[in-house]
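These are the residues of each chain, in order.
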Amino acid sequence: MKYYLIAGEASGDLHGSNLMKGLLQEDPGADFRFWGGGMMEAAGGTKVRDYKATAVMGLTDVLANLGRISRNLKDCKADILEWKPDVVILIDYPGFNMKIARFCHEHGIRVFYYIAPKTWASREGRNRKLKAWVDRLFIVFPFEIPYFESRQIPFIYKGNPLVDAVDNHEYRRPEEGRYIAILAGSRKGEIARTMPKAMRMADILHALPEYAGCKFIVAGAPSRSPEDYDRHIGGRDYVEVVFGRTYDVLKFADAALINSGTASLEAALTGTPQVVCWSTSFVTAVLAKYVLRVLDHIKYISLGNLILDRLAFRELIQYDFTPEECAAEIRRLTEDLPYRERMLADYREIRQRLGGTGASRAVAKAMIQCLEEA
């Protein structure tokens with residue numbers, strides 16, 4: 001069968017590549033055409049465009065690139081019509097992919113959505129569009145099950161592909177000595193807000209005798225450049241940026257400061273004690289607080305805490321996100337053994353709730369069954 005996949009971010013490239021491998025296992029004659037990155041390219045098929053050339057994040061970025069977005073949508077639609085796939089598989093990236101879902105539905109092309117838009121957190125109006133334009137939704141979090149059931153949107157849940165990604169990684173230690181990991185987010189705005197406070201935290205800890213020999217490793221996001229981080233690091237010789245080795249950086253760290261996102265779940269799966277931080281502009285913070293009050297089922301901002309429906313690790317949000325509070329929490333994570341062990345026990349429960357390994361192949365098998373039953 002012919003599969004057309006669209007991923008617009010690094011995480012989508014990762015999950016798309018694993019899904020392609022699963023599809024090949026279940027359908028050895030699978031033919032792929034895709035928008036993605038190097039990992040999907042390594043899995044086989046024809047890459048139409050690299051996600052790094054199409055990725056747009058945040059309202060400001062969108063407004064500045066409206067022409068490019070319009071051209072990408074036009075090119076993608078034309079390419080789908082010309083290639084005539086058996087199914088278009090959309091991977092997260094809802095700003096772009098929801099438009100493609102509508103187009104495919106209007107042209108009688110089957111649509112699968114893998115890794116659902118997070119309508120449980122914002123833009124719940126997209127649920128109506130998912131129900132109308134998507135033939136089958138494939139979700140990856142257990143807490144999404146009751147949510148989409150209540151919205152009467154057909155879905156399939158086969159576990160979370162991050163478990164496979166983390167477990168199948170070939171780990172290599174990035175630093176011989178002790179170090180604290182810093183994951184400052186993937187967007188420029190996140191990095192600009194997180195790095196100054198993270199560097200001040202590093203200063204506070206480095207000044208203490210017991211942390212004088214400890215380094216701080218920043219895991220660089222795939223879509224960012226060294227300059228995005230260097231401007232904040234300055235002359236700190238105890239801070240280093242490492243690109244392309246996020247899992248390695250997490251795995252061997254004593255603890256991690258993580259800007260909320262997928263990375264917090266990756267830290268839970270690698271067994272890295274963490275504290276999550278998040279801040280934004282005053283206006284966005286007010287809007288976020290209103291949204292969370294309306295969506296009273298959303299109690300936390302981190303996926304691991306949402307999965308457990310309780311705090312496995314602390315979330316320092318907005319005004320609580322200070323260098324001093326971060327430093328204190330990192331010290332607790334590294335020095336308070338019972339506290340650390342309780343967190344690791346919660347991590348084991350998170351892993352269990354995600355359903356174990358084999359999710360990518362299980363999803364691939366379910367997709368093929370849906371196509372054969374059509």
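Residues numbered from 1 in each chain as written. Predicted model: local features only at pLDDT ≥ 70, side-chain atom pairs only at ≥ 80, totals over all residues. Heavy atoms only, no water.

Caption draft 1: Broad picture of the packing of helix H9 (residues 188–206) against helix H15 (residues 323–335). Their axes nearest at 8 Å, the elements H9 and H15 cross at an angle of 55°. Comparing the axis directions of H9 and H15 gives the class oblique. The hand of the H9/H15 crossing is right-handed. In this structure, H9 contributes Lys197, Arg200, Met201, Ile204 and Leu205 to the contact, and H15 contributes Pro323, Glu324, Cys326, Ala327, Ile330 and Arg331. Its residues placed into classes, the contact of H9 with H15 shows seven nonpolar, no polar and four charged. (Axes fitted to C-alpha atoms, helices over the stretch in contact; angles between N-to-C directions. Helix = DSSP H or I, 4+ residues; strand = E, 2+ residues; numbered from the N terminus. Parallel < 35°, antiparallel > 145°, perpendicular 65-115°, else oblique. Left-handed = near helix turned anticlockwise from the far one by under 90°. Contact = heavy atoms within 4.5 Å. Nonpolar A, V, L, I, M, F, W, Y, C, P; charged D, E, K, R; others polar.)

Caption draft 2: Representation of the pattern of salt bridges within the structure. In total, this model carries 23 salt bridges according to the counting rule given. Between Lys47 and Asp50 there is a salt bridge; the shortest N-O distance is 2.9 Å. Of the charged contacts in the structure, one is a salt bridge between Glu124 and Arg151, with a shortest N-O distance of 2.5 Å. In this pair, Glu124 is assigned in the loop between strand E5 (111–114) and helix H6 (126–133) and Arg151 in the loop between helix H7 (144–150) and strand E7 (155–157), connecting sequence segments 27 residues apart. (Salt bridge = Lys/Arg side-chain N within 4 Å of Asp/Glu carboxyl O.)

Caption draft 3: Quick peek at unusual backbone geometry. Of note, Ile115 is a non-glycine position whose phi angle comes to about 70°, a positive value. By secondary structure assignment, the location of Ile115 is in the loop between E5 and H6. For Ile115, a relative accessible area of 7% translates into the label buried. One non-glycine residue, Arg123, lies in positive phi territory at about 55°. Position of Arg123 relative to the elements: it lies in the loop between E5 and H6. Residue Arg123 is classed as exposed on the basis of its relative accessible area, which comes to 56%. (Buried < 20%, exposed > 50% of the residue type's maximum accessible area, 1.4 Å probe, protein only.)

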